[in-house]
Amino acid sequence: MRQVSGTSALPAPRRFAWMLSPYALPLHALRILAKCALPLIIWFSLGRLVRWGLLLLAATVSHGSWYQARLVLVMFLFTLVVMTSLATTVGLLYVVREALLETRARRAGGEAKESLLNALNRTALVFAGIYTTWGFVAEDARDFMGIDIMRQPDRYVLDAGSGDDSGVAAGLINLDPKVSLATMMVAYGVKWYFGRRHEAGNGRFSGALATFGELAFAFYGINAVATAVGARSDWIGQRSAVEAWHDFMAGAESGIPGWQQVSEWLGEVWPYVIDALAVPLAWLTVGILVYGAYAEDTQTTIRGTRLEQAAVHLERTHDWTRRALAKLSAGWTGRWIPLLNSLRLTARGGAPLFGLFALCYVGLHIGGDFLGRAGRYLAASEEPYLWFATDVPVNYVTDLVVTLVTMCLIAATFDLAATRARTDGPMDGRTGGPSPVTAGTAEPDRPSPSR
């Protein structure tokens, strides 16, 4: 494996030296956008077209005879919708790859150009975890429901008024629990088989197929898990541990001065913290994985620190303990470890860089909301129901602008962090000095496997 050292790495071109400053992030993102605007627009448009077609097909299939069989197909199509979002995101980040300074340095260092399929395979599983655990899939579910309601609004309103179950907008939740369990087992088999092949480095599409199995396993299990939780909710609520916890919280609110005010304040602030810091970092994690610079596992997160030696000792001498801890912390690991790893490695580019990235991300999405409102205001008319025709192009343009600038912002953030780490040399947690391998070039591009 070819590696570029922190002291002998090729420096950035002199005319781009100003970009090493984290405050150049917005200008660098706009430079990438201007250079790659056409392929970005094509990728986004194709992705939206395929996604909309799959959602419309799923909404159409969700009504008729053989209802449960139809709902199995609906969930299959919905899984393809999420996979389309994955492919679109990876494609958008991939097409700006050659506009990055870090990519030029890698090419000068002798690394070959990586295929889109390789980037997709490497990113797929982590993307699925981030996409589901951070609730991004909720937007896909809302769009499915919206399309189904718009296809037959009269039936939805009339049946809702009469108390009948029309099945409109319910194609994702009406699957029978027994059918859910059966399809879950099939999906788990797909996930397990292709997951093993992906870990072994076999199969060109193993990562994507393992991700499909992972998503299908989760989606098909929604109804079965929801049914089990509903049946046991009363039993759980009466358990002594649950009652003791509620009693403790009630006692703390009444006995500790200021506890209730602090709890209420945290409850109000926490959603904004998630939207302003965790969500941007989650998307930055996806971008980092697409470019193949940083690994997403726990071992990489602690690499270069004193915890690494303890982890190696634990892995060698306490195999059963390690496995048990891995299972118990699976949910936390899948949700937070990729984000912590990205934060740790992005911090090598300087704290102002990530702060400015989060600020630009939030400002961009707030601006997108105002852009959508302005578009609807300008397209408003006294003609009834004209908004049916104007809302679609307004939403398309708004999403196009926000998504493309966001992808370029992610790419620019990675580029600045990796370039600075490559030129300055990251710090090694064990020695306190420069690490011999920079974060941006530790893992070179790999050719696609033959089979």
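Residues numbered from 1 in each chain as written. Predicted model: local features only at pLDDT ≥ 70, side-chain atom pairs only at ≥ 80, totals over all residues. Heavy atoms only, no water.

Draft legend 1. Local environment of the overall build of the chain. When helices and strands are tallied, the chain shows 17 helices and 0 strands. The contacts in the chain between residues at least 6 apart in sequence include a share of 80% that link residues at least 24 apart. If you sum the accessible surface of the chain, you get close to 24200 Å²; carbon and sulfur atoms cover 65% of it. (Helix = DSSP H or I, 4+ residues; strand = E, 2+ residues; numbered from the N terminus. Contact = heavy atoms within 4.5 Å. Areas by Shrake-Rupley, 256 points an atom, 1.4 Å probe, with all protein chains shown as cover.)

Draft legend 2. Structural detail: the packing of helix α3 (residues 67–95) against helix α5 (residues 116–133). The N-to-C vectors of α3 and α5 enclose an angle of 125 degrees; their axes lie 9 Å apart at closest approach. In terms of axis orientation, α3 runs oblique to α5. Helix-helix and strand crossings are classified by hand; for α3 and α5 the assignment is right-handed. Facing α3, whose interface residues are Val-82, Ser-85, Leu-86, Ala-87, Thr-89, Val-90, Gly-91 and Tyr-94, α5 presents Leu-116, Ala-119, Leu-120, Thr-123, Ala-124, Phe-127 and Tyr-131. Broken down by class, the residue content of the contact of α3 with α5 amounts to 11 nonpolar, 4 polar and no charged. (Axes fitted to C-alpha atoms, helices over the stretch in contact; angles between N-to-C directions. Parallel < 35°, antiparallel > 145°, perpendicular 65-115°, else oblique. Left-handed = near helix turned anticlockwise from the far one by under 90°. Nonpolar A, V, L, I, M, F, W, Y, C, P; charged D, E, K, R; others polar.)

Draft legend 3. Up close: the nonpolar core. Membership of the largest hydrophobic core comes to 80 residues, with the highest contact counts inside it found for Leu-25, Ile-32, Leu-40, Trp-283 and Tyr-291. The leading source of residues in this core is α3, at 13 residues. With residues near it in sequence (within four places) discarded, Leu-25 still touches Leu-353, Leu-356, Phe-357, Leu-409, Ala-412, Thr-413 and Leu-416. (Core = buried A, V, L, I, M, F, W, Y, C linked by side-chain atoms within 4.5 Å. Buried < 20%, exposed > 50% of the residue type's maximum accessible area, 1.4 Å probe, protein only.)

Draft legend 4. Focus on the UniProt feature "transmembrane region" (unreviewed entry) in the chain. When the UniProt feature table is mapped to this numbering, "transmembrane region" (unreviewed entry) covers residues 73–96, 116–137, 269–294, 345–364 and 396–417. With 96% helix and 0% strand, residues 73–96 has end C-alpha atoms that lie 35 Å from one another. Strand forms 0% of residues 116–137 and helix 86%; the C-alpha atoms that close the span are 23 Å apart. (UniProt positions renumbered as here; feature names shortened; annotations may be inferred.)

Draft legend 5. Just the pattern of salt bridges, in detail. Scanning the model with the defined rule gives 9 salt bridges in all. One connected set of salt bridges, linked through shared partners, spans Arg-51, Asp-140 and Asp-143. (Salt bridge = Lys/Arg side-chain N within 4 Å of Asp/Glu carboxyl O.)

Draft legend 6. The arrangement of the side chain of Arg-122 in detail. Turning to its location among the elements, Arg-122 is positioned in helix α5. A distance of 2.6 Å separates a polar atom in the side chain of Arg-122 from the backbone oxygen of Val-290. (Polar contact = N/O pair within 3.5 Å; in protein donor to acceptor, adjacent residues only side chain to side chain.)

Draft legend 7. Structural detail: unusual backbone geometry. Notably, Trp-66 is not glycine yet its phi reads approximately 55 degrees, a positive angle. With respect to the element layout, Trp-66 can be found in the loop between α2 (37–61) and α3. Overall, the relative accessible area of 73% leaves Trp-66 in the exposed class.

Draft legend 8. Quick look at α2. Between its terminal C-alpha atoms α2 stretches 36 Å, which fits the 36 Å expected from 25 residues at 1.5 Å a residue. Buried within α2 are the following residues: Leu-40, Phe-44, Gly-47, Arg-51, Leu-54, Leu-55, Ala-58, Ala-59 and Val-61. (Expected span 1.5 Å × (residues − 1).)

Draft legend 9. Quick peek at a nonpolar patch on the surface. Taken together, the side chains of Met-150, Tyr-385, Trp-387 and Phe-388 present a nonpolar region at the surface, about 470 Å² in accessible area. Tracing the chain through its elements places Met-150 in helix α6 (residues 137–151). (Patch = residues over 30% accessible without salt bridge, like charges linked within 9 Å, V, L, I, M, F, W, Y side chains within 5 Å.)

Draft legend 10. Just α6, in detail. Taking 1.5 Å of rise per residue, the 15 residues of α6 would be expected to cover 21 Å, and the 22 Å separating its terminal C-alpha atoms lies within 8% of that figure. Among all positions in α6, only Val-137, Asp-140, Phe-144, Ile-147 and Asp-148 are buried. The arc that holds the buried residues of α6, viewed along the axis, is 95 degrees, so those residues lie on one side. (Arc of directions from axis to C-beta.)

Draft legend 11. Structural view of the environment of Arg-204. Mapping Arg-204 onto the fold places it in the loop between α8 (177–199) and α9 (206–237). Residues Arg-204 and Asn-121, spaced 83 residues apart in sequence, show a C-alpha to C-alpha distance of 7.9 Å.

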